[in-house]
Amino acid sequence: MNSNKKSLALVLGGGAPNATLMAGSLVAFIEAGVEFDIISTSGAGAIVGLLYVAAKGQDGKRALKKLADMGVADALYSAFPVNFKVFNKPGPLADIWRQWQQANPLLQAIQAQADQGPLQRLAADWSSWLMASLCPSDLTAHSKGLCAHVPFIDQVVDFSKLASLKPQFYLNAYNLSRKRMECWDKQQITHEHFLAALSFPLIYPPYQLDGDYYIEGAAIDTLNFKRLFQDHSHIDTTVVFDVLGSEQILHPPRDLYDAWVQSIITPLTEIARDDLKLFEALHNKDVDGKPRTQLLRVPYDQFISPAQREQELDWSYSNLSQMYQAGYSAGLSLCHDHAAELGLA
């Protein structure tokens, strides 16, 4: 690393199914020796960012590589294209059921073999699907959301690490009660703040925190730029992981489920593009009209083939793995093309 390293920020945007794009890029950055001074996250970018800086029981690189394990074995996903690992049934009885699963030695032994090969992964995911199918639920027409709030996050993230981290870390959420965006720093962020910041409407109910209700910040502001320059008047270089701002992500739906996913993604794609344009045109200027930072956007479009685009938002294991590799290649490309800006030259 250059001893005269300039300030370097990372913006991790929203986008859950293709979060492994961001994970792959971050692993490429880790291997290259890039170190960030500031990390700003929203939506699914918070999962990636937290695994990067505060993975539980393992280093960030290993945790990010394992993010593709959120995907469902292809044979099972082709028959039942819903990610029952990520989207869990709500209710107190469902919570008890999941706790029983985590304590069951037979089920845990099956899960432990998942990375031994395709058949073992299929067996592990089939057992998870069976348990998810049998899980009780209190979902009704009066529920405020379809799923339980990300119950697995404490198994993979150690929130107690955040306050002592070297880089600054930000996470946004929209306060429904006060009708305003809020952004927390590493001294404030807890498990509850994460749940509030990942409460995407319809999928998750609004999360109550300190008497107010919150929804996912990325639903309104997919790229969390604003807090950066409230706290930092100048940042030499800002790297943007924007997995939603490409028009290529949109396609004619293959089926009803894909149409539902597209209905969620379509407005987010426009929001992400607008966020980047507004930042470049209005907010990335100091009092003298000079840029506050140099923006580097990871070139994901160059590394995702047209054939992969149609499945980009699928939760199959093969797709998440392919997106990870595409993200890794895009990250390597940025490190090669902008070594000086990233403190590598």
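Looking at an unreviewed UniProt entry, the protein carries the name Patatin-like phospholipase family protein, with the source organism given as Aquitalea palustris.

Draft legend 1. Here's a closer look at the UniProt feature "domain: PNPLA" (unreviewed entry) in the protein. The UniProt record marks residues 10-226 with the feature "domain: PNPLA" (unreviewed entry), using the residue numbering of this structure. Summarising residues 10-226: 40% helix, 13% strand, and an end-to-end C-alpha distance of 13 Å.

Draft legend 2. Focus on the environment of Ser 127. Mapped onto the fold, Ser 127 is located in helix 7 (residues 118-134). Note on Ser 127: relative accessible area 7%, which makes it buried. Counting along the chain gives 176 residues from Ser 127 to Phe 303, while the straight-line C-alpha distance between them is 34 Å. The contacts of Ser 127, once residues within four sequence positions are left out, are Leu 107, Ile 110 and Gln 111.

Draft legend 3. A look at the packing of aromatic side chains. Summed over the entire model, instances satisfying the criterion amount to 12 aromatic pairs. Centre to centre, the rings of Tyr 257 and Trp 260 are 5.8 Å apart; their planes meet at 50°, and the pair counts as tilted. Of the two residues, Tyr 257 and Trp 260 both sit in helix 11 (residues 256-283), three residues apart, roughly one turn of that helix. Taking the relative accessible area as the measure of exposure, Tyr 257 reaches 23% and is therefore partly exposed.

Draft legend 4. Quick peek at the nonpolar core. Residues Phe 29, Phe 36, Trp 184, Phe 194, Val 239, Phe 241 and Tyr 300 are the most contacted members of the largest nonpolar core, which totals 84 residues. Considering each element in turn, this core owes the most residues, nine residues, to helix 2 (residues 44-54). Mapped onto the domain boundaries, this core takes at least three residues apiece from domain 1 (8-75 + 148-341) and domain 2 (76-134). Ranked by size, the runner-up nonpolar core spans 13 residues in total, among them Ala 9, Ile 235, Val 240 and Leu 276.

Draft legend 5. Looking closely at the pairing of strand 7 (residues 237-241). Here strand 7 lies mainly inside the structure; five of its five residues are buried. Neither face of strand 7 is left uncovered, since the one carrying Thr 237, Val 239 and Phe 241 and the one carrying Thr 238 and Val 240 both have all their residues buried. Relative to strand 7, strand 1 (residues 8-12) is paired through five bridges, and the arrangement is parallel. Within the sheet, the bridge partner assigned to Leu 12 lies in strand 7 and is Phe 241. Pairing of strand 7 with strand 8 (residues 294-297), which is carried by four bridges, proceeds in the parallel orientation. Paired with Val 240 across the bridge in strand 8 is Arg 297.

Calculation rules
Residues numbered from 1 in each chain as written. Predicted model: local features only at pLDDT ≥ 70, side-chain atom pairs only at ≥ 80, totals over all residues. Heavy atoms only, no water. UniProt positions renumbered as here; feature names shortened; annotations may be inferred. Helix = DSSP H or I, 4+ residues; strand = E, 2+ residues; numbered from the N terminus. Buried < 20%, exposed > 50% of the residue type's maximum accessible area, 1.4 Å probe, protein only. Contact = heavy atoms within 4.5 Å. Phe/Tyr/Trp six-rings, centres within 6.5 Å; stacked < 30°, edge-to-face > 60°. Core = buried A, V, L, I, M, F, W, Y, C linked by side-chain atoms within 4.5 Å. Domains from an automatic or database assignment. Pairing = 2+ DSSP bridges.

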